Structure formats: C-alpha cells, structure tokens
Amino acid sequence: MNSDGTLTIKSINNLYSCFTNFLGAVDKGLTPDIAAKFRSLEAAVQQLRESVDAITDISTLVILWFYYSWGEVSALVTKENRNALRVYCPRCGSLIISPSVASYVPSKPYALPLCRQKKDGVAVEKEHIEEWWCIEKMLDFDNIGFTHASEGVKYLICADCEVGPVGYLSLESHYHYIALSRITHTKPDRKRLLEPECTENTQAEDLSH
C-alpha cells in the first residue's frame, strides 16, 4: 500500500540519488558510466510514476509535491549550505563557480533584467527571482564579467560569451548573486550561438582569472 506516500518518498530519494550520480558522471565526462547512470535514472523515474499513481488521497500528493520541490534544491546544496556541483554558463559551458564556493540563498527577492529585451522597448523588462548562489569575493569566481553600471547597478555576465545578466552585485553588501534560474549545473555538450538580444547594448569587462 502507498496511501500514506511512504513508497513515493522512498522513490523520490532514490530518484535524486540516481540523478546526482548521473550528473556526477556527466560532469566528469565518464562516457561509459553515463549510459548506465541514465538507465538507472529512467528506472527511478518510472518507479516514482507508479508509486504516485497508487496514491488516492490528493492531500498526500500536495505534501509530496512540496517534498519533491525541496528535494530538487537539496540535491544541489551541501549540508554546509554550499553549492554541491559546479556552476556553468548555459550558453558556452564556461565554468563560473567551483563546488563548495557559493552559499545558497533561498529567498532574496530581486528584479533581474531579462536576457532578451524588446528592441523597441522603452522600459527594461525584469524577472522576479528569489533563489541565488552568493559569493562574497570576486576572486572566488572561476569566470565572471560585469556590465557597466546601469541605474547604479552592475550586473554579472559570462566573461567568455557575455550572456546575461546571470546575476548582480549588491550595492549594500557588495556580495555577488548568481540566479539559479540563469545558470546550469551540467556542462553543455557543445557551444551554442548567443542570440544578439541577450547582450544588446551591454559592454562587458572581462574579470576572468
């Protein structure tokens, strides 16, 4: 029986274990292991689907959804509240942050400009973001670039392909915040062309080291 969601919780834990192992294999470029880890991941997903189908109580499903959402984040965060995996530029694959360097900030509302802006738009379109990787010192980045100040704010971009903004520099604390929704924790297989709209009218200062 799975009416209380016990089996589903076990399936979720197994899924994230398989997911983490798969990401580790991809990150290290271990080709022979990637296929095996992916098959395990597929099996874990199917097991989760079957366990969810067996639940008849909608309230249990709601609780498990929140559990699942938190599990997605916890797979990326260590017990010390640091990033468990490398952080990459989603466009060119450049390494931005090494593991265990950034702190996880789960709730810090900030309106970050969209990468793509309307060509004839007057006002800057922004996206409300709450989850961030926080780095205190610029030199702790493996690769980062800055835009020139816009309305007193410096935004963070990839120093290699200049995609962004992926984050911002806080005027109050001078800490650097990278949006989880603007980066990736798995290195892209190949470089993708950057759409001009993403960095239109943006001048980058290369601060990689």
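Residues numbered from 1 in each chain as written. Predicted model: local features only at pLDDT ≥ 70, side-chain atom pairs only at ≥ 80, totals over all residues. Heavy atoms only, no water.

- The protein carries the name Guanine nucleotide exchange factor MSS4 homolog in an unreviewed UniProt entry, which gives Syphacia muris as its organism.

## Description of the side chain of Ser-170
So, step 1. Inspection of the secondary structure assignment puts Ser-170 in the loop between β9 (167-169) and β10 (176-179).
So, step 2. On the basis of relative accessible area, Ser-170 is assigned to the buried category, the value being 4%.
So, step 3. Among the polar contacts listed, one links the side chain of Ser-170 to the side chain of Glu-172, at a separation of 3.2 Å.
So, step 4. Side chain to side chain, Ser-170 and Ser-173 meet in a polar contact 3.3 Å long.
So, step 5. Leaving out residues up to four positions away in the same chain, Ser-170 has contacts with Tyr-175 and Tyr-177. (Helix = DSSP H or I, 4+ residues; strand = E, 2+ residues; numbered from the N terminus. Buried < 20%, exposed > 50% of the residue type's maximum accessible area, 1.4 Å probe, protein only. Polar contact = N/O pair within 3.5 Å; in protein donor to acceptor, adjacent residues only side chain to side chain. Contact = heavy atoms within 4.5 Å.)

## Overview of the environment of Thr-184
So, step 1. With respect to the secondary-structure elements, Thr-184 resides in the loop between β10 and β11 (204-206).
So, step 2. With a relative accessible area of 18%, Thr-184 lands in the buried category.
So, step 3. Excluding residues that lie within four positions of it along the chain, Thr-184 makes contacts with Arg-86, Val-87, Tyr-88, Cys-89 and Pro-90.

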